[in-house]
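Secondary and tertiary structure notes
Residues per chain, in single letters:
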Amino acid sequence: KSFVLKKMQLYEKFPYKLEAEVEKKHMFSTETVKLPDLLQFPSLPATVPIKVNNPKKEDFKLNIKYSSEDPLPPGTKQHFLSSYEITGAGKIDKEKYNVTDVTTAYLTLDVHGFLAMESPVATGDYWEYFNKTIQVPVKGLSGAEEEDKDATDEIESATVEDDKGESKDADSSEETKADPESSEEAEAEAEAEAEAAEAAAEIKFKDKVVRKRKRRKEVFNLQSKWLNPEDFQVEKAYIRFRAERLRNLTKADDLRLVTEEAKNKLESFILMTMSQCNDEEVEAVSTEPEREKIKSECMEAEDWLYSDGENADLKELRAKYAELDTLYEPVATRLYEKEERPEAIKNAQAKLQDYKKGLREWEDKKPWIPFEQLMNVTSKCDDMLDWLDEKMQAQSGLKDYEDPVLKSTDIEAKLKAITKEIKKLQKIQKPKSHAAKLEPEASADAEKEPKAEEEAKGEEAKGEEAKGEEAKSGGEGDAPSEVESSHEEL
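We now turn to the structure provided with this report. (Residues numbered from 1 in each chain as written. Predicted model: local features only at pLDDT ≥ 70, side-chain atom pairs only at ≥ 80, totals over all residues. Heavy atoms only, no water.)

Digging into the overall build of the chain
The secondary structure content of the chain amounts to eleven helices and eleven strands. Across the 490 residues of the chain, 22% fall into the buried class. Per element, the accessible surface of the chain, about 37200 Å² overall, is 51% carbon and sulfur. (Helix = DSSP H or I, 4+ residues; strand = E, 2+ residues; numbered from the N terminus. Buried < 20%, exposed > 50% of the residue type's maximum accessible area, 1.4 Å probe, protein only. Areas by Shrake-Rupley, 256 points an atom, 1.4 Å probe, with all protein chains shown as cover.)

Have a look at this one:
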């Protein structure tokens, strides 16, 4: 399943109420009006609107104070907090815009207690005029169409009257015999046909441009200037004091973390050492009294750690760790050497033999390396091999729980020194004079080879010509004997 973690925020309440007063300057006087609404910040951060009635669109000053009805916060000596100058309302085009009489300023208070004034705003509206094309129905027809229609109507009406005159006598007898209900149905049908004829008449439309207007709203951002920033500037001495306090707190935190780390390290070492004392590998490289002493010291250190050492400082914890580490170090060294020493000896012997072989090859391949230096490094390899044999013989006579005389660390250190000498010899470059002597010899040999090939090709051509002449003479009866020919071939 997947869970949605909602964002959570800690809200703080500002318990003190604020009030605002508007100060307007006239030519010979200053008008100050206290706004009736108190400013409250139920949670932080918060923004509170301040609405000021400004029908003349004048510039004014807005003063923010603690409420005079409530006591001041501890450490505060005056009610006044800050003052802001609001300008820009008089620059709005009054002919185009109908600006309202209310100017709204927004006072913000963040979680750190910083009070600020956001950009004040004034609202207004204006009429926007635009043209719009609509379609309107056209009643009746044009003049020519109306004349044609009137002539057609007159002809149809004359025809109808003649028909009626001829059939008047015949219909009179039938109408007398007809039922009164049939006459009503005939009238209804006639009315329906008339309505259908009117609906069937063609309706025409035409485009018409009309001028319309629409009311638009506009928001104007005004300017605000903080008039007393110097009242909130912190003195340099106070800044230095706070910086020094912050450094001390940081050092205390760092020391606490290092102390906790040292305490955990000591506790882990005690538990690990007591557990390893029961392993077969540790028993093989230590004696029973030695293990008992280590266990006893670890138990005492554990009791101290959970009693008096609970509040021990960093120095005490490090001293206790060094004491236990010194006691267990010989056993750990024997265990480590028992596992690592055979591989270190094998690796060192193989490398030394490879070094000696390579040094012998350098005598021929790199004659520019001084022979004395090659022999010096070779003798060092021999000395280390002899030292290894001597130490291995001495180590073989010791028990596993006795301190070793041959350590892998000593082997690696000696081998590293010889490897360093080998690398120094390897970096010796071939002298330029020796290279210059070899280059002419190589070029002379390269020139001789094409000449020898040309001479060999010439001799082969001469031999073929001689064989052709002998064949011709043999055809004439002057061929040499077989012995002579074989002798010539030889």
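Remarks on the nonpolar core
Leu18, Leu39, Phe41, Ile50, Leu62, Ile64 and Leu107 are the most contacted members of the largest nonpolar core, which totals 30 residues. Mapped by element, the contributors of at least two residues to this core are strand E1 (12–25), strand E3 (39–44), strand E4 (46–53), strand E5 (60–66), strand E6 (80–87), strand E7 (98–109) and strand E9 (121–138). In this structure, leucine 62 is in contact with Ala20, Glu21, Val22, Ile50, Val52, Ser82, Ser83, Tyr84, Ala105 and Met117, ignoring residues within four places of it in sequence. Counting 21 residues, the second largest nonpolar core, distinct from the first, contains Ala344, Ala348, Ile369 and Met384. (Core = buried A, V, L, I, M, F, W, Y, C linked by side-chain atoms within 4.5 Å. Contact = heavy atoms within 4.5 Å.)

With respect to the pattern of salt bridges
The full count for this structure, using the stated rule, is 14 salt bridges. Among the ionic pairs, arginine 247 bridges to glutamate 244, the shortest N-O distance being 2.6 Å. With arginine 247 and glutamate 244 both in helix H4 (residues 236–276) and three residues apart, the pair spans about one turn of that helix. According to the relative accessible area criterion, arginine 247 is partly exposed, its value standing at 45%. Taking the shortest distance from any N to any O, the salt bridge between lysine 338 and aspartate 400 comes out at 3.5 Å. Pair noted here: lysine 338 is in helix H7 (residues 314–365) and aspartate 400 is in the loop between helix H8 (371–396) and helix H9 (408–426), with a separation of 62 residues, a long-range link. Residue lysine 338 is classed as partly exposed on the basis of its relative accessible area, which comes to 38%. Looking at aspartate 400, the relative accessible area reads 41%, which means it is partly exposed. (Salt bridge = Lys/Arg side-chain N within 4 Å of Asp/Glu carboxyl O.)

A few points about a nonpolar patch on the surface
Where nonpolar side chains cluster on the molecular surface, the patch consists of Val234, Tyr238, Ile239 and Phe241 and spans about 410 Å² of accessible area. Along the chain, valine 234 turns up in the loop between strand E11 (223–226) and H4. (Patch = residues over 30% accessible without salt bridge, like charges linked within 9 Å, V, L, I, M, F, W, Y side chains within 5 Å.)

Notes on the side chain of asparagine 54
Assignment of secondary structure puts asparagine 54 in the loop between E4 and E5. A polar contact is formed between the side chain of asparagine 54 and the backbone oxygen of glutamate 58, at a distance of 2.9 Å. Discounting chain neighbours no more than four positions away, the residues touching asparagine 54 are Lys24, Phe60, Ala89, Asp101 and Thr103. (Polar contact = N/O pair within 3.5 Å; in protein donor to acceptor, adjacent residues only side chain to side chain.)

So, the environment of leucine 374
Here leucine 374 lies in helix H8. In this structure the C-alpha to C-alpha distance between leucine 374 and leucine 359, which are 15 residues apart in sequence, comes to 6.3 Å. Once residues within four sequence positions are removed from consideration, leucine 374 is found in contact with Leu359, Trp362, Glu363, Ile369 and Leu425.

Some words on the packing of H4 against helix H6 (residues 288–305)
Orientation of H4 relative to H6, taken along the N-to-C sense of each, is 145 degrees, at an axis distance of 10 Å. In terms of crossing hand, the pair formed by H4 and H6 is left-handed. Taking contact as the criterion, the partners of Lys263, Leu266, Glu267, Ile270, Leu271, Thr273 and Met274 in H4 are, on H6, Ile294, Cys298, Met299, Ala301, Glu302, Trp304 and Leu305. Looking at side-chain class alone, the contact of H4 with H6 contains ten nonpolar, one polar and three charged residues. (Axes fitted to C-alpha atoms, helices over the stretch in contact; angles between N-to-C directions. Left-handed = near helix turned anticlockwise from the far one by under 90°. Nonpolar A, V, L, I, M, F, W, Y, C, P; charged D, E, K, R; others polar.)

As for the packing of H7 against H8
A pair of packed helices is captured by two measures, namely the crossing angle of their axes and the spacing between those axes. As a packed pair, H7 and H8 sit with axes 10 Å apart at the nearest point and diverge in direction by 160 degrees. With respect to H8, the axis of H7 lies roughly antiparallel. The two elements H7 and H8 meet at a crossing, and its hand is left-handed. Here the contact of H7 with H8 is composed, by residue class, of 15 nonpolar, four polar and five charged. (Parallel < 35°, antiparallel > 145°, perpendicular 65-115°, else oblique.)

Topic: a negative patch on the surface
On the surface, Asp279, Glu280, Glu281, Glu283, Glu339, Glu340, Glu343 and Glu412 cluster together into a negatively charged patch. Mapped by element, the contributors of at least two residues to the negative patch are helix H5 (280–284) and H7. The residue glutamate 339 is located in helix H7 in this model. (Lys, Arg positive; Asp, Glu negative; His and termini not counted. Charge placed at Lys NZ, Arg CZ, Asp CG, Glu CD.)

Notes on H7
For H7, with 52 residues, the first-to-last C-alpha span of 61 Å runs short of the 76 Å given by 1.5 Å per residue. Maximum bend of H7: about 45 degrees, positioned at tyrosine 328, with proline proline 330 one to four residues after it. (Expected span 1.5 Å × (residues − 1). Bend = angle between axes of the 7 residues up to and from the residue.)

Describing the state of the cysteines
As enumerated under the stated definition, the model contains zero disulfides in all. Its sulfur unpaired, cysteine 298 is 6.4 Å from the next cysteine sulfur, which belongs to cysteine 277. We classify cysteine 298 as buried; its relative accessible area is 2%. (Disulfide = S-S within 2.5 Å.)

Some remarks on the packing of aromatic side chains
According to the stated counting rule, one finds eight aromatic pairs in the structure shown. Ring centres of tyrosine 97 and tyrosine 126 lie 5.3 Å apart, and the angle between their planes is 85 degrees; this geometry places the pair in the edge-to-face category. Here the residue tyrosine 97 occupies a position in the loop between E6 and E7, and tyrosine 126 occupies one in strand E9, the gap between them amounting to 29 residues. For the pair formed by tyrosine 97 and tyrosine 126, the shared burial category is buried. Measuring from ring centre to ring centre gives 5.0 Å for tyrosine 97 and phenylalanine 220, while their planes differ by 80 degrees; the resulting arrangement is edge-to-face. Of the two residues, tyrosine 97 sits in the loop between E6 and E7 while phenylalanine 220 sits in strand E10 (residues 204–221), which places them 123 residues apart along the sequence. Phenylalanine 220 shares its class with tyrosine 97; the two are buried. Aromatic ring contacts, followed pair by pair, group Phe14, Tyr16, Phe41 and Tyr66 into a single cluster. (Phe/Tyr/Trp six-rings, centres within 6.5 Å; stacked < 30°, edge-to-face > 60°.)

Thoughts on H9
If you check H9, its first and last C-alpha atoms are 27 Å apart, about what 19 residues at 1.5 Å a residue would give, namely 27 Å. All of the buried residues along H9 are Ser408, Ile411, Leu415, Ile418, Thr419, Ile422 and Leu425. One side of H9 holds all its buried residues, which, seen down the axis, span an arc of 110 degrees. Exposed side of H9, more than 90 degrees from the buried face: Lys416, Lys420 and Lys423 are the residues found there. (Arc of directions from axis to C-beta.)

Everything listed is a geometric property; what it means functionally is a separate question.
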